[in-house]
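Read off the chains here:
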Amino acid sequence: MKIVVVGAGIVGVTTAYELAERGHEVTLVDRREGAGLETSFANGGQLGAGEVAPWAGPEVPGLVLRWLGRADAPFRLRLKADPEQWIWLLRFLMRCRASARAERVLPNLGLALLTRARMAAIAADYEAKGAPIRFDERRSGIMQIFRHAHSLEGAAEGVRVMRAAGLDQSLLSARECVDVEPALAAALQKGEIAGGVYCPSDASGDAHLFTRALADRLMKAGVAFVGGAEVTRFEAEGDRIVGVRTKSFVFPADAVVLAAGVGTAALARLAGLRIPVYPLKGYSVTLPATGNAPTVSMTDEARKIVVSRLGERIRIAGTAEVCGYDTDIEMPRARSVLDAALDLMPQLGEAADRAEYWTGLRPMSSDGSPIIGQGGRFTNLYLNTGHGSLGWTLGAGSAAALADLICGTAPQLDLTPFAINRFSLV
């Protein structure tokens, strides 16, 4: 088949890989000139099966109210005259229940574990071909740290669920957190760590480096990459799309995959389909790793940041803002991410004057799980989107599962929990 994949971030590029591996003629189209230049460019770096719970939960409405008016609020609303924003917010708020969060955890975990397996297979494939993919991968686990005892106690149930599902995850005392990551010694001395949750099988790495390297190898193997190409319409015959039109060309297609991150909603509307995916703006800061810099990837639940070691760099990411498609960097918010990390690990301040700030838009579904599968009236139109902050964690698994569906091969994962028709019940 001739298959057009629209979107060259981590989700789109791994989808192209899986389809090309199955022998299809794949064209990868992106509005940017290269691969991995939007949401995948400078995220938090975590490949964390242990942290796949949706953001929507019973505590969120209260936190949003508490943070109103704060320029550095970890979660901020900037309401617009945008029906898509209001509809998404209503759906999101309806999911702020403990039961709604719980029902998404195990499907997301299954997808994360499939991603882990596919990432290993991709690495082995290119290692065997003599073209290994280097992306500053670090397999030293991910640790969540908690400032307050009651938060740690609340995490215990999540650990029980994960362990029952087969994930190696354990509760740590404050002292054990420092044993895992000595860079937290100052925080321990100040009494700012009550304990943690550690998943030693999790990993971290640079999503942009991986995406770019995989795209390069795909092009050498015959996958066509067309950058700087904005999709303007779909050419259809009956219930099938037969071509994807840009301003300068029409790409013939036997199947089309929309994997364009926050751009997917607009593309879906071209096909007469509305999807509950909306951008959540986030910030990251990248520093040189100097002195007593951490080596283990961490999530600070109180400060709402993640910290990952990427080679000789430290990546810190955090904040969520519902503000439409704005990608301007507001320095008070960008600096708040760095300040939170310096509060936790003051030694990082040695390199603060060399900080690089970035902001990007996460394509967030309203229930915290991606949308994967056929969608809309066109039988050969497929969606792979809505991963939110979990695109790196769930991307390769999403790609493999969708490729199974498109090709009619034995499924590696049941995609029913990720089908778009689940939203008709909300």
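To be clear, the structure that these remarks concern was listed above.
Right, let's walk through the structure included here. None of the values given here were measured: they were computed from a predicted structure. Counting starts from 1 at the beginning of each chain's written sequence and moves along it residue by residue. Local features are withheld for residues below a pLDDT of 70 in this predicted model, meaning they are given only at 70 or higher, and side-chain atom pairs are given and counted only at 80 or more; totals for whole chains, interfaces and linings count all residues. The side-chain quantities take in all heavy atoms of the structure and omit both hydrogens and water.

Quick look at the overall build of the protein chain
Next, step 1: Counting its secondary structure elements, the protein chain contains eleven helices and 20 strands.
Next, step 2: For 426 residues, the compact-globule estimate of 2.2 N^0.38 gives 22 Å, and the C-alpha radius of gyration of the protein chain, at 21 Å, lies within 12% of that figure.
Next, step 3: A buried classification covers 56% of the 426 residues belonging to the protein chain.
Next, step 4: Any two residues having at least one pair of non-hydrogen atoms within 4.5 Å are treated as being in contact. Counting contacts in the protein chain only where the partners sit at least 6 residues apart, residues at least 24 apart contribute 76% of the total.
Next, step 5: If you sum the accessible surface of the protein chain, you get close to 17,000 Å²; carbon and sulfur atoms cover 54% of it.
Next, step 6: Put simply, the protein chain has 46 plus and 46 minus side-chain charges, and the middle of one group is 3 Å from the middle of the other. For the purposes of this entry, the term helix denotes a DSSP run of H or I that reaches at least four residues, the term strand denotes a run of E that reaches at least two, and both are numbered from the N terminus. Each radius of gyration reported is based on C-alpha atoms, and the globular scaling rule is 2.2 Å times the count of residues to the power 0.38. Exposure is judged per residue with a 1.4 Å probe applied to protein chains only, and the accessible area is read against the type maximum: over 50% gives exposed, under 20% gives buried, and values in between give partly exposed. For the area figures, the Shrake-Rupley method with a 1.4 Å probe applies, and any residue is considered shielded solely by the protein chains shown. Positive residues here are Lys and Arg, negative ones are Asp and Glu, while His and the chain termini are left out of the count. In this description, the location of a charge corresponds to atom NZ of lysine, CZ of arginine, CG of aspartate or CD of glutamate.

A few points about the pairing of strand E5 (residues 142–146)
Next, step 1: In terms of burial, E5 is a largely internal element, five of the five residues being buried.
Next, step 2: Because side chains alternate across E5, one face comprises the buried residues Ile-142, Gln-144 and Phe-146, and the other comprises Met-143 and Ile-145, equally buried.
Next, step 3: Two strands make a pair as long as DSSP finds a minimum of two bridges between them. Looking at chain direction, E5 and strand E7 (residues 195–199) are connected through five bridges and run antiparallel. In the strand pairing of E7, Phe-146 is matched with Gly-195.
Next, step 4: For E5 and strand E15 (residues 297–300), the ladder comprises four bridges, and the chain directions are parallel. Note that in E15 the partner of Ile-142 across the bridge is Ser-297.

Quick word on helix H4 (residues 98–128)
Next, step 1: With 31 residues, H4 extends 45 Å between its outermost C-alpha atoms, agreeing within 8% with the 45 Å of an ideal straight helix rising 1.5 Å per residue.
Next, step 2: The angle between axes fitted to the seven-residue stretch ending at a residue and the seven-residue stretch beginning at it gives the bend at that residue. The largest bend in H4 comes to about 25 degrees, at Val-105, with the proline Pro-107 one to four residues further on.
Next, step 3: A positive backbone phi angle near 80 degrees is found at Gly-130, which sits one or two residues after H4. To estimate the expected span of a helix, subtract one from its residue number and multiply by 1.5 Å.

Observations concerning the packing of H4 against helix H8 (residues 207–220)
When two helices pack together, their arrangement is given by the angle between the helix axes and the distance between those axes.
Next, step 1: Here the axes come from fitting lines to C-alpha atoms, over the contacting stretch only for helices, and the angles between their N-to-C directions go from 0 to 180 degrees. Between H4 and H8, the shortest axis-to-axis distance is 13 Å and the interhelical angle comes to 50 degrees. Considering the angle they form, H4 stands oblique to H8. The chirality of how H4 crosses H8 is left-handed. Contacts from Met-119, Ile-122 and Tyr-126 in H4 reach Phe-210, Leu-214, Arg-217 and Leu-218 in H8. Should an angle fall under 35 degrees it is taken as roughly parallel, and over 145 as roughly antiparallel, whereas 65 to 115 is taken as roughly perpendicular and any remaining angle as oblique. A clockwise turn of the near helix away from the far one marks a right-handed crossing, whereas an anticlockwise turn of less than a right angle marks a left-handed crossing.

Observations regarding the nonpolar core
Next, step 1: Working definition of a nonpolar core: buried Ala, Val, Leu, Ile, Met, Phe, Trp, Tyr and Cys residues. They are joined through side-chain atoms within 4.5 Å. Grouped together as the largest cluster of nonpolar side chains are 52 residues, with contacts concentrated most on Phe-210, Leu-214 and Val-257.
Next, step 2: Looking at this core, the elements with two or more residues in it are strand E1 (2–6), helix H1 (10–21), strand E2 (25–29), H4, H8, strand E13 (255–258) and helix H11 (391–407).
Next, step 3: Of all the elements, H4 adds the most residues to this core, at eight residues.
Next, step 4: Within the second largest apolar cluster, 34 residues are counted, among which are Tyr-198, Val-296, Ile-314 and Ile-316.

Concerning the pairing of strand E18 (residues 356–365)
Next, step 1: For E18, the buried fraction is high: eight of the ten residues fall into the buried class.
Next, step 2: When strand E14 (residues 277–288) meets E18, the two strands line up antiparallel, connected through ten bridges. Bridge pairing links Ser-284 to Trp-358 in E18.

Side note on unusual backbone geometry
Next, step 1: You will see that Lys-304, though not glycine, has its phi angle at about 60 degrees, which is positive.
Next, step 2: Note on placement: Lys-304 falls in the loop between E15 and strand E16 (305–310).
Next, step 3: The exposure class assigned to Lys-304 is partly exposed, which follows from its relative accessible area of 36%.
Next, step 4: Positive phi, close to 70 degrees, is recorded for Thr-319, a residue that is not glycine.
Next, step 5: Relative to the assigned elements, Thr-319 resides in strand E17 (residues 313–322).
Next, step 6: A relative accessible area of 8% places Thr-319 in the buried class.

Structural notes on the pattern of salt bridges
Next, step 1: Each salt bridge in this description consists of a side-chain nitrogen of Lys or Arg and a carboxyl oxygen of Asp or Glu lying within 4 Å of one another. For the coordinates displayed, the defined rule picks out 35 salt bridges.
Next, step 2: Residue Asp-206 is joined to Arg-313 by a salt bridge in which the shortest nitrogen-to-oxygen separation is 2.9 Å. With Asp-206 in the loop between strand E8 (203–204) and H8 and Arg-313 in strand E17, this pair connects stretches of sequence that are 107 residues apart.
Next, step 3: Here Asp-206 falls in the buried class, since its relative accessible area comes to 3%.

Re the packing of aromatic side chains
Next, step 1: Think of it this way: a Phe, Tyr or Trp ring, Trp meaning its six-membered ring, pairs with another when their centres are within 6.5 Å, and the plane angle makes it stacked under 30 degrees, edge-to-face over 60, tilted otherwise. The final tally for this structure, using the stated rule, is ten aromatic pairs.
Next, step 2: Taken together, a centroid distance of 6.1 Å and an interplanar angle of 50 degrees make the contact between Tyr-17 and Tyr-126 tilted. Placement of the pair is Tyr-17 in helix H1 and Tyr-126 in helix H4, with a sequence separation of 109 residues. For the pair Tyr-17 and Tyr-126, one class covers both residues: buried.
Next, step 3: Relative to Phe-92, the ring of Trp-88 has its centre 5.0 Å away and its plane inclined at 15 degrees; by these criteria the two rings are stacked. Of this pair, Trp-88 and Phe-92 both sit in helix H3 (residues 83–94), four residues apart, which is roughly one turn of the helix. Like Phe-92, Trp-88 is buried.

Observations regarding the sheet that holds strand E19 (residues 371–374)
Next, step 1: If you trace the six strands from one edge of the open sheet to the other, you get E9-E2-E1-E13-E20-E19, paired in mixed fashion. Unpaired on one side and paired on the other, strand E9 (224–226) and E19 mark the two borders of the sheet. The mean angle between the axes of side-by-side strands here comes to 15 degrees, regardless of whether they run parallel or antiparallel.
Next, step 2: Pairing of E1 with E2, which is carried by five bridges, proceeds in the parallel orientation. Along E2, the bridge assignment pairs Ile-3 with Val-26.

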